Amino acid sequence: MRTPVDKTIVFTLYSHPMKDAKQRWKAHLTFAPGSTDNSEAVLDIADGEGTPIAAGGFEYAGTTIPVTAGRGALRCGDFVRGKHDGGIWLHRKGMPPVPGALTFE
């Protein structure tokens, strides 16, 4: 994989609808220009009220990305390998896991 050298690529992922805004989440996965399989994409994730997720695990296609202060990272090659495997979840202590999906804004 290689992203264009002159463009930043951003994917958006949303949780499934939940009554409680604190349980909902929205994530942006950002690939820097010229990213390759070994580059890291930055994950920024907040709850439905816009508050960064303090701590948790973002599960993407069987890989759990540690999240601290609303941020995590994923190797670009892992993103490509897992994009068709489903299984997108946010795990937080004291809350049930909340599933989500890749979307387009």
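Worth saying up front: this structure is predicted, and the values here are computed from it rather than measured. (Residues numbered from 1 in each chain as written. Predicted model: local features only at pLDDT ≥ 70, side-chain atom pairs only at ≥ 80, totals over all residues. Heavy atoms only, no water.)

Section: the pattern of salt bridges
Tallied over the full model, the rule gives 4 salt bridges. For Asp47, the salt bridge is made with Lys22, and the minimal N-O distance between the two is 3.0 Å. With a gap of 25 residues between them, Asp47 in strand E3 (residues 40–47) and Lys22 in the loop between strand E1 (9–15) and strand E2 (25–31) connect regions that are remote in the sequence. Owing to a relative accessible area of 7%, Asp47 belongs among the buried residues under this scheme. For Lys22, a relative accessible area of 30% translates into the label partly exposed. Note that Arg75 and Asp78 form a salt bridge whose closest N and O atoms lie 3.7 Å from each other. A network of salt bridges, in which partner residues are shared, links Lys22, Asp47 and Glu49. (Salt bridge = Lys/Arg side-chain N within 4 Å of Asp/Glu carboxyl O. Helix = DSSP H or I, 4+ residues; strand = E, 2+ residues; numbered from the N terminus. Buried < 20%, exposed > 50% of the residue type's maximum accessible area, 1.4 Å probe, protein only.)

Description of the packing of aromatic side chains
For the structure shown, the criterion picks out 5 aromatic pairs. Arranged with centres 5.3 Å apart and planes meeting at 85°, the rings of Trp25 and Phe58 form a pair that is edge-to-face. On the criterion of sequence distance, the pair formed by Trp25 in strand E2 and Phe58 in strand E4 (residues 55–60) is long-range, its members being 33 residues apart. Under the relative-accessibility criterion, Phe58 is labelled buried at 2%. Here a set of aromatic residues connected by ring pairs shows up, and it is made of Phe11, Phe31, Tyr60 and Phe79. (Phe/Tyr/Trp six-rings, centres within 6.5 Å; stacked < 30°, edge-to-face > 60°.)

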